[in-house]
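# Notes for the structure review
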Amino acid sequence: MQQQTKEERVHHVFENIYNRYDKMNSIISFQQHRLWRKDVMKRMDVSSGDHTLDICCGTGDWTIAQAEAVGTDGKAVGLDFSINMLSVAVKKKMAMQLKQVEFEHGNAMHLPYENDQFDYATIGFGLRNVPDYLQVLKEMQRVVKPGGKVVCLETSQPTNQFFKPIYYFYFKNIMPFFGRIFARSYKEYSWLHESAKDFPGKEQLACLFKEAGLTNIQVKSYSGGAAAMHMGEKQYVEDE
Ligand SMILES: C[S@@+](CC[C@H](N)C(=O)[O-])C[C@H]1O[C@@H](n2cnc3c(N)ncnc32)[C@H](O)[C@@H]1O
């Protein structure tokens, strides 16, 4: 039998868990993800009229938070390759009657946008799912305007020696168990452990941001290093 690529596997996972995703997010993170997202939005300081892009937007909560921040003079675009995850996002947009948000189908590895289009490009719990982290960061850097920001909120590797074993035990054993009980998807929630265990730690990810051409990199750790935000800026090119 042919081996599934990482991209095919990830696609399959999210096409299947889309209708339980929001509920499960709150269960497996003990609601912490809401606090992390709120803090990241505060640090981003989005202005009314800005144009934002949220890739791997899933069911759209971060895109919608951005749409609220940019207001009706701005625009927030959410992009994802799972039609089912996007269908949940579109329902939320309709229910909230938000005109300034668009959800689009596409692949984070090859963003369907011209260079220098957005004030912000964000990715929330999406980077660890893509086949090539650096390529996606380069794509995000490409589509933001000079002075614009690339922001990633993702699980990370805890550095606290006491917390570390608890965290890994939880991810490996408890979380897939929650997945089985609450979402009837043991296999899909095992993927979260696999993708999170191999994901770069804070310093490594900051190096990838640098390699993607971003500067002024800020890092903020959450919940003992269980998650982290990285934010970098696209430099202005000096006139010759
Ligand atoms: C863990 S969910 C995160 C959803 C949302 N950003 C959030 O914060 O809740 C990861 C999302 O990334 C999407 N995704 C994974 N790889 C992708 C790719 N190569 N291109 C576009 N979307 C991708 C999945 O379909 C899924 O909706």
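Summarised in this report is the structure supplied together with it. (Residues numbered from 1 in each chain as written. Predicted model: local features only at pLDDT ≥ 70, side-chain atom pairs only at ≥ 80, totals over all residues. Heavy atoms only, no water.)

## Considerations on the site of the ligand
Taken together, 18 residues lie near the ligand, and Tyr21, Arg37, Cys56, Asp80 and Gly124 sit nearest. Within the backbone of Phe81, one N or O atom sits 3.2 Å away from a nitrogen atom of the ligand. Take Gly124: an N or O atom from its main chain is 2.8 Å from a nitrogen atom of the ligand. In isolation the ligand exposes 590 Å². Once the protein is present, 98% of that is buried. Every element with two or more residues in the shell around the ligand is listed here: helix 1 (6-17) and helix 2 (21-28). Within the shell around the ligand, the residues separate by chemical class into nine nonpolar, seven polar and two charged. (Near = heavy atom within 4 Å. Polar contact = N/O pair within 3.5 Å; in protein donor to acceptor, adjacent residues only side chain to side chain. Areas by Shrake-Rupley, 256 points an atom, 1.4 Å probe, with all protein chains shown as cover. Helix = DSSP H or I, 4+ residues; strand = E, 2+ residues; numbered from the N terminus. Nonpolar A, V, L, I, M, F, W, Y, C, P; charged D, E, K, R; others polar.)

## Regarding the packing of helix 6 (residues 133-143) against helix 9 (residues 202-211)
One way to put it is that helix 6 packs onto helix 9 with a least axis distance of 9 Å and a crossing angle of 50°. With respect to helix 9, the element helix 6 is oriented oblique. The crossing of helix 6 and helix 9 is right-handed. Of helix 9, the residues touching helix 6 (which contributes Tyr133, Leu134, Leu137 and Lys138) are Leu205, Leu208, Phe209 and Glu211. (Axes fitted to C-alpha atoms, helices over the stretch in contact; angles between N-to-C directions. Parallel < 35°, antiparallel > 145°, perpendicular 65-115°, else oblique. Left-handed = near helix turned anticlockwise from the far one by under 90°. Contact = heavy atoms within 4.5 Å.)

## As for the packing of helix 4 (residues 61-70) against helix 5 (residues 83-96)
In contact at an axis separation of 10 Å, helix 4 and helix 5 are set at 30° when each is read in the N-to-C sense. Considering their axes alone, helix 4 and helix 5 lie roughly parallel with respect to each other. Relative to helix 5, helix 4 is oriented so that their crossing is right-handed. Here helix 4 contributes Asp61, Ile64 and Glu68 to the contact with helix 5, which in turn contributes Lys92, Lys93 and Met96. For the contact of helix 4 with helix 5, a count of residues per class yields two nonpolar, no polar and four charged.

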